[in-house]
Amino acid sequence: MAAQATLDCTTAAEDELVVRPLRREDVPVVLRLIHELAEYEGEPEGPKLSERDLLEDGFECSPAWFFGLVAERRGEVVGHALCNRAYSSWTRRAFYIEDLFVRPAARRAGVGLALVRALCQMAVKEGVNRIDWHVLADNAPALAFYARLGAHDMLRAERRAAMRLDRRYIEAVARCSEPSDLLGPSASGPPDNQ
């Protein structure tokens, strides 16, 4: 009889997953999710942005530097996608997913799929022809999930390596007048993560 007292009495409507656009008031929880993702990826000191940065870049400038989606269950944000619009010289309009993260307690319950589906629905509506993102090479569950969706590894499929200039190299290139003025990581080893 005691077991009956612990039955979950939530209705389907109360347990419904809702995916919606990111709003200003979501910024504090999204910043926490960004840090949770960084911790999961083994880079807890990686994110250097603040709530103020997210508000300014996502809600107070035009055009916004990013857009996002949040997934809620029972009024709690359990996942998010942080994205931006990009342009491809081959396929025109594109989205880039910077972060796609689902809290561990909410995984394997369709949250990631719901976020990707909502983003794909936006893409269809906006005439977007591709969605790109990076994933850690050792994140087997994510790689398997994305493969089931039909995503392909760009390095394998098209021999395209992801490249990045961090701020100190952006400044160095902006200042240089000759390529020989540059002393990049190839001459001194890999760059620090900045």
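Presented here is a report on the structure given in the accompanying data block. (Residues numbered from 1 in each chain as written. Predicted model: local features only at pLDDT ≥ 70, side-chain atom pairs only at ≥ 80, totals over all residues. Heavy atoms only, no water.)

Description of the sheet that holds strand S4 (residues 92-102)
- Pairing within the open sheet is mixed, and its 5 strands lie in the order S1-S2-S3-S4-S5. Pairing within the sheet leaves two strands with one partner each, and these edge strands are strand S1 (17-21) and strand S5 (130-133). With direction set aside, neighbouring strand axes in the sheet form an average angle of 30°.
- With 5 bridges joining them, S1 and strand S2 (residues 67-73) adopt antiparallel strand pairing. The residue bridging valine 19 from the neighbouring strand is alanine 71, located in S2.
- Running at roughly 85° to strand S3 (residues 76-88), helix H1 (residues 27-40) makes contact with S2, S3 and S4 of the sheet. (Pairing = 2+ DSSP bridges. Helix = DSSP H or I, 4+ residues; strand = E, 2+ residues; numbered from the N terminus. Axes fitted to C-alpha atoms, helices over the stretch in contact; angles between N-to-C directions. Contact = heavy atoms within 4.5 Å.)

Some remarks on H1
- Relative to the 20 Å expected for 14 residues at 1.5 Å per residue, H1 spans 20 Å between its end C-alpha atoms, a close match to the ideal helical length.
- Among the residues making up H1, those that are buried are Val27, Val29, Val30, Leu31, Leu33, Ile34, Leu37 and Ala38.
- Here the buried face of H1 lies against helix H2 (51-59), S2, S3 and S4.
- Positive backbone phi, approximately 80°, marks glycine 42, located one or two places after H1. (Expected span 1.5 Å × (residues − 1). Buried < 20%, exposed > 50% of the residue type's maximum accessible area, 1.4 Å probe, protein only.)

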